Each structure stands twice: as structure tokens, then as C-alpha cells.
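Each chain is listed here by its residues.
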Amino acid sequence: MSRKNLIAFSLVILVFAGCKKTTDNASKWVGTYTSSSGGGLGYNNFINQVQVEESNDFTLRLFLNNSSGTNVVTYTVLQNVVLQNATSGTISESDSTNGLHSPAAYTGSVALISGDTLKMICAGVDSTGATPISYNFYGVK
């Protein structure tokens, strides 16, 4: 091997060795979670299902639903749930809520327990400050 080829080959190896691999924490969360007995609490106590989709490796979308047979009504979609690691994340955003006339600001946390159980504690208030909303959910995939 010539000296130029050896140097070029070494540089290519250094470039690949310096690449960091990202961890896809979000894919572990994807699925539909159904509330356990007493776990589906929320706005007017209607939230009994949460559907989780992956936005990217560290961001989720949560669809807070009421499911009765084949009829599913989505009350709120949290578009930007940010994961800190594979088992916990934070909620801090505004979104519209079915039944409210103005967007609500939500804050809270989510946790993935044993890989198949979703725990969510979330509080919201509409832009007028008049309607406090509480979404606490505990459900299994």
C-alpha cells in the first residue's frame, strides 16, 4: 500500500471512529396504553387511553383519548413531550383541548415503568386561566 493510500485510509477510520451513536429512547414508548382500574383520570374523567407516537429519538406525541369499543375520541394531543432518558420525560407546551375555546398550557411528566406501563402526571390551564385541567394517567400497553 502506498503512503498516500495509507494516510487516506487512516483518516477515514478516524472520521468513523469519532462518530457518536445516538440512542433511540422514543421507540420503546410507542404503542397504545389502556388505563388500569382507576388509572384513567383526566378532564371530566374521560381519558382512558393514551396513544404514543415517536416524533424523533427523543420526542413523543401523546394522544389523550376516550375509547369505547371502536369509537375513539381524542381530547388533547401533546406534540412535544421531551425525553430525558429511556424511562422519563417532561411535558411543557400549549395545545388545544376538545371542549375548551382557547389553547391550554400543559406541564408535567411521563414515566415508562417496566417497559409496558405509562404513568403521566399533567396539569393544564386555558389561556384565560379560568379552566384548570388535570390529566393523571396510569395504563398498560
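See the structure above.
Residues numbered from 1 in each chain as written. Predicted model: local features only at pLDDT ≥ 70, side-chain atom pairs only at ≥ 80, totals over all residues. Heavy atoms only, no water.

Focus: the overall build of the protein chain
Consideration 1: Counting its secondary structure elements, the protein chain contains 1 helix and 8 strands.
Consideration 2: Beginning at the N terminus, the succession of helices and strands in the protein chain can be written as α-β-β-β-β-β-β-β-β.
Consideration 3: Per-residue burial over the protein chain gives 33% buried out of 141 residues.
Consideration 4: Relative to all contacts within the protein chain whose residues are 6 or more apart in sequence, the contacts with residues 24 or more apart total 40%.
Consideration 5: For the protein chain, the computed accessible surface area is about 8,100 Å², with 56% contributed by carbon and sulfur atoms. (Helix = DSSP H or I, 4+ residues; strand = E, 2+ residues; numbered from the N terminus. Buried < 20%, exposed > 50% of the residue type's maximum accessible area, 1.4 Å probe, protein only. Contact = heavy atoms within 4.5 Å. Areas by Shrake-Rupley, 256 points an atom, 1.4 Å probe, with all protein chains shown as cover.)

Some details on unusual backbone geometry
It is generally the case that most residues other than glycine have a negative phi and that most peptide bonds are trans.
Consideration 1: Even without glycine at this site, Ser114 takes up a positive phi of about 55°.
Consideration 2: Position of Ser114 among the secondary structure elements: in the loop between strand 6 (104–113) and strand 7 (117–126).
Consideration 3: The class of Ser114 is exposed, set by a relative accessible area of 70%.

Describing the pairing of strand 6
Within a regular beta strand, the side chains point alternately toward one face of the sheet and then the other, so they alternate between its two faces.
Consideration 1: Bridging between strand 6 and strand 7 involves 10 bridges; their strand directions are antiparallel. Across the sheet, the residue bridging to Val110 is Met120, located in strand 7.
Consideration 2: In this antiparallel pair of consecutive strands, strand 6 and strand 7, the connection spans 3 residues, and Ser114 shows a positive phi of 55°. (Pairing = 2+ DSSP bridges.)

Here we look at the nonpolar core
Consideration 1: Trp29, Leu62, Leu78, Met120 and Tyr135 are the most contacted members of the largest nonpolar core, which totals 24 residues.
Consideration 2: At the level of secondary structure, the elements contributing two or more residues to this core comprise strand 2 (49–56), strand 3 (59–68), strand 4 (71–83), strand 6, strand 7 and strand 8 (132–140). (Core = buried A, V, L, I, M, F, W, Y, C linked by side-chain atoms within 4.5 Å.)

Examining the environment of Glu53
Consideration 1: As for its position among the elements, Glu53 is in strand 2.
Consideration 2: Taking the relative accessible area as the measure of exposure, Glu53 reaches 27% and is therefore partly exposed.
Consideration 3: C-alpha separation for the pair Glu53 and Ala26, spaced 27 residues apart in sequence, amounts to 8.3 Å.
Consideration 4: In contact with Glu53, not counting residues within four places along its chain, are Val30, Thr59, Leu60, Arg61 and Phe63.
Consideration 5: Within the structure, Glu53 has its side chain in polar contact with the side chain of Gln51 (distance 3.4 Å). (Polar contact = N/O pair within 3.5 Å; in protein donor to acceptor, adjacent residues only side chain to side chain.)

Section: the environment of Thr128
Consideration 1: Summarising the element assignment, Thr128 is placed in the loop between strand 7 and strand 8.
Consideration 2: Each C-alpha atom of the pair Thr128 and Ala104 lies 8.8 Å from the other, and the pair is 24 residues apart in sequence.

Considerations on the side chain of Glu93
Consideration 1: On the secondary structure map, Glu93 appears in strand 5 (residues 88–95).
Consideration 2: One buried charged side chain, Glu93, makes no salt bridge at all; its nearest oppositely charged neighbour is Arg61, positioned 9.8 Å away.
Consideration 3: At 2.8 Å, the side chain of Glu93 forms a polar contact with the backbone nitrogen of Gln79.
Consideration 4: Polar side-chain contacts of Glu93 include one of 2.8 Å to the backbone nitrogen of Asn80. (Lys, Arg positive; Asp, Glu negative; His and termini not counted. Salt bridge = Lys/Arg side-chain N within 4 Å of Asp/Glu carboxyl O.)

None of the figures reported here should be taken as evidence of function without further support.
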